[in-house]
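Coordinates in review
Here are the chains, one letter per residue:
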Amino acid sequence: MNEARIAVVTGANRGIGSAIARELARTGMRVACIALHLDLAQEFAAELDGGSVGFECDVSDPAAVKECYAAVVESMGVPLVLVNNAGVTRDGLLIRMSDEDWEAVLNVNLKGAFHWCRACASGMMKARYGRIVNIGSVVGLSGSAGQANYAASKAGLIGMSKAIAKELGGRGVTCNVVAPGFIETLMTQELPEQARAAALAQTPLGRFGSPEDVAATVGFLVGEASGYVTGQVVAVDGGMAL
Ligand code: NAD
């Protein structure tokens, strides 16, 4: 299906998102690379072969997502693949967590994914085909001290994805969650050495993951071979959540 070759990836300019965008481009998709700033989005999209395009969009802003979706459709066509990868952390202990830190994380991680799922759903339903992958976290399964906001956002993604899988399954749309463990990116680089050592000790495979480890699983879930997989949470975590 031709339109299946157009994929939206949010937070595409770095880290796990950039590895996902590269993987999808490698398999022949044209990627709408969504970033917070246009120059970053365009710079990154230009690195990909085959007609990928950069767009600026703050995923937490419903009007911006609506506008950005329309711009993607106009310049590229209807996207039938969506990867909600944009995410932030604002860690802190529960008793000290501000309303702002709670809302900022929920607004990007959970509402941002909701905004993009809602925007893309009609086009996918009309095409009777779609692949949605939401990037969660093992923390959404197990919880994590100091991350009540982040864990809630990632657990929320699981519930939302299962609901979407049930709602849109009859139209040929699948929706799954990929839950990474500890992946080497800017998000994890700033953690104290003690926290990194503790994470490694909890990882049976004995190494941190790479963005490419996550991208390979996303590639499977947006491809043809996974057409009968929906509503699932696939941990890419070296066994951390076991
Ligand atoms: P990162 O900080 O390197 O990248 C996050 C991306 O999201 C950046 O491109 C950033 O600009 C973008 N972004 C942030 N807020 C945005 C907004 N409002 N609108 C649009 N884009 C926005 O982080 P990463 O490690 O590559 O994480 C990618 C995803 O994987 C996140 O959802 C994160 O929660 C998840 N994850 C990461 C790890 C890990 O160990 N790195 C583990 C589990 C889950």
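What comes next concerns the included structure. (Residues numbered from 1 in each chain as written. Predicted model: local features only at pLDDT ≥ 70, side-chain atom pairs only at ≥ 80, totals over all residues. Heavy atoms only, no water.)

**Points about the site of the ligand**
As a reminder of what qualifies: A cutoff of 4 Å decides nearness: a residue is near a molecule or strand if any of its heavy atoms lies inside that distance of it. Pairs of N or O atoms are called polar contacts if they sit within 3.5 Å, as long as, within protein, a hydrogen donor faces a hydrogen acceptor (for residues adjacent in sequence, only side-chain-to-side-chain pairs). Working definition of accessibility: Shrake-Rupley area with a 1.4 Å probe, residue cover restricted to the visible protein chains. Numbering of helices and strands starts at the N terminus; helices are DSSP runs of H or I of at least 4 residues and strands are runs of E of at least 2.
Within the structure, the ligand sits among 26 residues, and Arg14, Asn85, Tyr150, Ile183 and Thr185 are positioned closest to it. Interatomic distance of 2.6 Å between a side-chain N/O atom of Tyr150 and an oxygen atom of the ligand. Residue Lys154 places a side-chain N or O atom 2.9 Å away from an oxygen atom belonging to the ligand. For the ligand, the accessible surface in isolation is 830 Å², of which the surrounding protein chains cover 94%. Of all elements in the fold, only helix 1 (15–26), helix 6 (148–168) and helix 7 (186–189) reach the threshold of two or more residues within the shell around the ligand.

**What to know about unusual backbone geometry**
Unlike most non-glycine residues, Arg128 shows phi in positive territory, near 55°. With respect to the element layout, Arg128 can be found in the loop between helix 4 (99–127) and strand 5 (130–135).

**Details of the nonpolar core**
Filter applied, for reference: Here, the term nonpolar core denotes a set of buried Ala, Val, Leu, Ile, Met, Phe, Trp, Tyr and Cys residues that are joined through side-chain atoms within 4.5 Å. For every residue, the accessible area obtained with a 1.4 Å probe (protein chains only) is divided by the maximum for its type, and the residue is called buried under 20%, exposed over 50%, and partly exposed between those limits. Throughout, a contact is declared for two residues whenever any of their heavy atoms are within 4.5 Å.
Core analysis: the largest hydrophobic core is formed by 34 residues, its most contacted members being Leu82, Trp116 and Ile132. With 10 residues, helix 4 is the single largest residue contributor to this core. If sequence neighbours within four positions are ignored, Trp116 has contacts with Val8, Thr10, Ile34, Cys57, Val59, Val65, Cys68, Tyr69, Leu82 and Asn84.

**Overview of helix 6**
What counts, and what does not: Take the residue count of a helix, subtract one, and multiply by 1.5 Å to get its expected span.
Compared with the 30 Å implied by 1.5 Å per residue over 21 residues, the 30 Å span of helix 6 between its first and last C-alpha is a close match. Every buried residue of helix 6 is accounted for by Asn149, Tyr150, Ala151, Ser153, Lys154, Leu157, Ile158, Met160, Ser161, Ile164, Ala165 and Leu168. Its buried side turned inward, helix 6 meets helix 4, strand 5, helix 5 (139–142), strand 6 (173–180), helix 7 and strand 7 (233–236).

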